[in-house]
Each structure stands twice: as structure tokens, then as C-alpha cells.
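Coordinate inspection notes
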Amino acid sequence: MGTAAVARIRLQELAVARGERIVARGISLDMRAGEITALVGPSGAGKTTLLRCIVRLDEPASGRVLIDGEDAGTLDPCALRRRVGLVMQAPVMLPGTVRENLAYGLGATDDRALDAALASTGLAPGFLDRGASELSGGEAARVAIARALARGPAALLLDEPTAALDGASAAAVERLARDLAARGLALLFVTHDEALAGRVAHRAARLAGGELVAAGPAGEMLAR
Amino acid sequence: MIGVAVAAGLVAAAIVLSRVGGLGLERDLALAAVRAAVQLAAVGALVALVFEHAGLAWVFVTAMLATATATSARRLRGIPRAAARAFAAIAAGAAVGLAPLLATGAFSTAPRELVPVAGILIGGAMAATSITGHRIRERVAEDIAGVETRLLLGVGVAEALAPAVRGAVTTALIPIIDQTKNVGLVTLPGTFVGLVLGGASPAEAARLQLTVLFALLAVELVAAVVAARLAVAGLRRPGERVVAAG
């Protein structure tokens with residue numbers, strides 16, 4: 001466990017590109033253990049590409065990503081992605097049961113570890129045997145988070161995690177994000193919804209016009 | 001010649017039927033028939049020449065390999081160095097079948113034996129390579145979100161593409177497996193028919209057909225597996241990432 005003062009994830013002068021075009025540049029941002037950082041901005045601002053760059057699914061055009069002080073570019077990509085979970089906006093369930101989704105790529109696992117991951121997202125252990133293709137949108141969103149948690153990450157990146165959900169499911173995911181931060185995870189919550197960012201985040205940053213235009217405590221920053 | 005004349009009459013009848021039925025296939029049917037006649041006449045003359053000169057037989061085999069490579073490479077389009085990958089898969093598959101058959105003397109390197117056997121094996125390797133490469137590209141393009149989901153869960157590219165590889169290799173092998181299972185029940189394959197019509201005993205024809213079919217099973221499996229590995233390598237980017245080939 002790092003102390004709260006050490007940035008779990010530090011972005012240094014990051015520039016991200018889609019194809020050949022730079023969509024955002026000069027992004028410097030810290031995400032600390034136990035905190036929810038909200039990244040807000042209109043769609044197309046490069047938020048998703050930024051998340052993909054943190055876990056090296058895309059290569060940054062320039063700049064660095066530091067994970068607990070280590071350059072992400074020097075880390076084993078598979079280990080990096082277990083340490084920093086990215087949950088996509090429309091999470092894809094792999095074929096099979098919820099158990100198979102949670103255990104994917106983990107080798108030998110016992111059900112207790114999977115139960116614990118599932119329970120922390122508020123889903124009952126009985127869910128393990130459900131077919132992953134039969135889940136509702138809200139259930140799939142929580143299973144996707146549980147699937148990332150089963151890898152024991154230090155940080156979670158959530159891309160518009162509530163955008164496709166009804167009010168009750170969205171509220172459950174907001175509560176879940178706060179619980180996970182309280183347990184010491186660093187969370188980056190990407191959303192175009194500033195009200196949502198104001199409710200869940202400790203700190204917030206706004207991406208607009210290809211730059212990070214403001215960053216600071218969520219209450220102050222979002223009031224501007 | 002009577003046989004060709006009767007068959008040509010059947011093509012003419014098919015063209016008339018297409019016209020009467022308003023199917024619009026007249027041009028395609030006529031063109032296919034004319035092309036087949038020209039190509040087979042040319043190959044007949046060429047093969048007669050090749051059968052006379054042992055050196056030409058290897059040139060002919062090389063030309064078959066080059067044509068098969070060009071054909072499969074089109075199916076791998078979008079993957080870098082598609083032709084080199086197609087060549088490696090086809091050559092590896094064909095060599096696995098051809099080497100032991102020639103080394104043990106099951107077939108001789110006399111042009112009359114080498115050319116048709118090499119042709120069948122290269123053709124099988126080509127089909128397996130094309131289907132495998134095409135299916136992997138298609139699966140990755142259709143399911144890039146699923147592939148990236150697997151990568152995000154911390155597995156490498158080979159593991160993330162394993163379902164696509166399994167599906168592609170299975171699809172590529174369906175024709176040869178079904179053909180081997182049903183040989184003699186549904187169709188009498190070309191080698192058997194040709195040998196019997198050429199005067200070989202049915203037992204002799206069956207023995208050779210079995211040799212070719214068994215060799216093809218190995219040839220196509222090896223070609224498909226090599227093609228799959230090379231396609232995956234072509235789609236992989238540094239940092240355990242994948243690009244969907246356009």
C-alpha cells in the first residue's frame with residue numbers, strides 16, 4: 001500500500017492521438033490511492049483514448065505514464081493491465097458464465113476469491129453460475145468491475161460507467177466507486193456528466209479543446 | 001471428342017434455360033465454359049511438355065507454389081507481408097506431405113507422379129491457408145471489442161486471439177475432414193476417378209486415393225496452424241496490442 005501522498009498513476013505531459021491526429025496534449029494529472037478523480041469533457045475530447053494509453057492499449061503520442069513511480073512503458077503490459085483495470089463504456093462479456101468471466105486468464109482460482117470480487121460489487125454469490133450473456137445492463141456493468149477487481153488491481157479506470165444505465169443501477173455503480181476508493185483503490189472516473197462528477201469525485205479535471213483546462217478539488221473545479 | 005461435344009451441348013442448354021428463365025447467367029456460363037476450354041487445352045499441352053523433361057517438372061511445381069501464394073496472399077490482405085506469410089504456410093504444409101512420400105518412394109520424382117501429387121498437396125495447403133487467414137482477420141475485425149476485453153484482463157495477444165485461431169483452423173479443416181469421412185459414400189474423388197478411367201485397378205486407385213487423402217489431412221492441418229500463427233504475429237503490435245486489419 002502506498003501512502004495517500006504518492007500518486008498511484010501520474011500522467012506527465014501526455015499527448016494522445018487518434019490515428020495521426022493529436023486529440024489532446026499537455027495532460028498532467030495525478031490519481032491517488034483512496035481518491036476518485038473525475039475526468040470530464042465532451043465526447044470526442046480524447047477521454048477514452050487517454051484511458052487506453054494509460055494501460056498501453058494505445059501508445060501515447062508523447063509524454064509518460066507513471067504507475068507507482070514506474071514508467072508504464074517499461075512494465076510488462078499484461079502485469080500493468082492487472083494492476084490498473086480499465087472497464088470499457090460498454091463492457092463486453094466473454095462467452096460462458098460469470099465465473100468464467102471473473103476467472104479468465106487467472107489460472108487456478110478458487111470460488112472464494114471470485115465470490116469476494118463479486119460481493120464487493122454488491123452481487124450475490126449465486127451470480128457466478130449465471131450465463132454472462134443473460135445479464136441486464138446494470139448487472140453487466142457490475143460484473144465487469146468485479147472482473148477487473150478479481151485481478152487485485154491498485155487502480156481502476158472507469159469509462160462512462162453509468163452512461164447506459166437506469167437511475168437505480170447508476171446510483172449503485174456510484175456507491176460502488178465510493179466503496180472501492182474507501183478501500184484504498186485509486187479511481188479515475190471518466191464522464192461527460194459534470195453533476196455526476198461532482199457527486200462522486202474528490203478531485204476533478206476537465207478536458208476541452210485538446211487540453212486539460214482545469215484540475216483541482218472536485219467541488220471548486222466543477223463550480224467554475 | 002463425343003464426350004466433350006455432349007457436355008458442350010449441356011452448357012448450351014443451360015444458357016438457353018438461363019435466358020428463358022430470366023436468370024441473367026448466360027454471359028457467366030459462356031465465359032466460364034470458354035475459359036475452361038482454353039485453360040485446359042493450354043495445360044494439356046504444357047503438361048505433355050513437362051512430362052517429357054524432369055527439370056521442367058520442378059519449374060512447374062514452383063509455378064504452382066507461386067500461384068497458390070498469390071491467391072492466399074489476397075485473403076490475408078491488410079496483414080503486413082501477406083505474401084511471405086502465405087508462402088511460408090503453404091510451403092510448410094505441402095513439404096510435410098511431399099517430403100515423406102518422395103523420400104520413401106511412395107511416389108517418384110518422375111514428372112508424371114510429382115506434378116499431380118504436388119499439385120494436390122499445394123492446392124490443399126492453399127485452401128487451408130486462405131480460409132484460416134481470412135477467418136482470423138474477419139473474427140478480429142468483428143470482435144475487436146472482445147479481443148481488447150481479453151487483453152485488458154491481462155492476457156497476451158496469443159491468448160486473446162486463441163478463440164479466433166481455434167475457430168479459423170476448425171473452419172479451414174472442415175472440408176478435408178468431411179471429404180475424408182465420406183469418401184466413396186458421397187463422392188468419388190478425382191484421383192480415384194482419374195486412375196480408374198486411366199485403366200488402373202479399383203484396388204490400386206483406392207490405395208493411391210487413400211495415400212493422398214491422409215497426406216492432405218496433415219498438409220492442411222500444418223498449413224492452417226502455420227497460417228494462424230503467422231496471421232496472429234502480423235496482427236500483433238508491440239506492447240501486447242492488436243490491430244484489426246483493414
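Basis of the calculations
- Residues numbered from 1 in each chain as written.
- Chains lettered and ligands numbered in written order.
- Predicted model: local features only at pLDDT ≥ 70, side-chain atom pairs only at ≥ 80, totals over all residues.
- Heavy atoms only, no water.
- Contact = heavy atoms within 4.5 Å.
- Buried area = accessible area lost by both parts, 1.4 Å probe.
- Salt bridge = Lys/Arg side-chain N within 4 Å of Asp/Glu carboxyl O.
- Polar contact = N/O pair within 3.5 Å; in protein donor to acceptor, adjacent residues only side chain to side chain.
- Nonpolar A, V, L, I, M, F, W, Y, C, P; charged D, E, K, R; others polar.
- Core = buried A, V, L, I, M, F, W, Y, C linked by side-chain atoms within 4.5 Å.
- Buried < 20%, exposed > 50% of the residue type's maximum accessible area, 1.4 Å probe, protein only.
- Helix = DSSP H or I, 4+ residues; strand = E, 2+ residues; numbered from the N terminus.
- Domains from an automatic or database assignment.
- Phe/Tyr/Trp six-rings, centres within 6.5 Å; stacked < 30°, edge-to-face > 60°.
- Lys NZ or Arg CZ within 6 Å of the ring centre and 35° of its normal.
- pLDDT = per-residue confidence, 0-100.

1. A short note on the interface of chain A and chain B
Tallying the contact residues gives 20 residues for chain A and 17 residues for chain B. Carbon and sulfur atoms make up 62% of the surface buried where chain A meets chain B, a total of about 1,600 Å² over both sides. If you sort the residues of chain A by the area they bury against chain B, L57(A), R81(A) and Y104(A) come out on top, with a joint share of 35%. Applying the counting criterion to the chain A and chain B interface returns 2 salt bridges. One can count 5 residue pairs in polar contact (both at pLDDT 80 or more) joining chain A with chain B. The residue inventory of the side of chain A that touches chain B, partitioned by class, reads 10 nonpolar, 2 polar and 8 charged.

2. Comments concerning the nonpolar core
Grouped together as the largest cluster of nonpolar side chains are 87 residues, with contacts concentrated most on I9(A), L11(A), I54(A), V84(A) and L157(A). Top contributing element to this core by residue count: helix α10 (residues 202-235) of chain B, with 11 residues. Apart from the residues within four sequence positions on either side, I54(A) is in contact with I9(A), L11(A), V65(A), A72(A), L80(A), V84(A), L157(A) and L188(A). Among the nonpolar cores identified, the runner-up in size contains 45 residues, and I36(A), F189(A), A197(A) and A218(A) belong to it.

3. Quick notes on the domain arrangement of chain B
Residue and element names in this part refer to chain B. Partitioning chain B into domains gives domain 1 (1-52) and domain 2 (54-242). Using only C-alpha atoms to locate each centre, domain 1 and domain 2 end up separated by 29 Å. The interface is formed by 6 residues belonging to domain 1 together with 7 residues belonging to domain 2. Together, the buried faces of domain 1 and domain 2 total about 570 Å²; carbon and sulfur atoms form 81% of this surface. At the boundary of domain 1 with domain 2, the tally comes to 0 salt bridges. Applying the counting criterion to the domain 1 and domain 2 interface returns 0 residue pairs in polar contact (both at pLDDT 80 or more).

4. Topic: the packing of aromatic side chains
Overall, the coordinates contain 0 aromatic pairs over all chains when judged by the stated rule. The side chain of R130(A) reaches across the aromatic face of F127(A), ending 4.7 Å from its centre.

5. Topic: the confidence of the model for chain B
Scored by pLDDT, chain B has a mean of 93; 99% of the residues are at 70 or more. Interface confidence for the predicted complex, given as ipTM, is 0.94, next to a pTM of 0.87.

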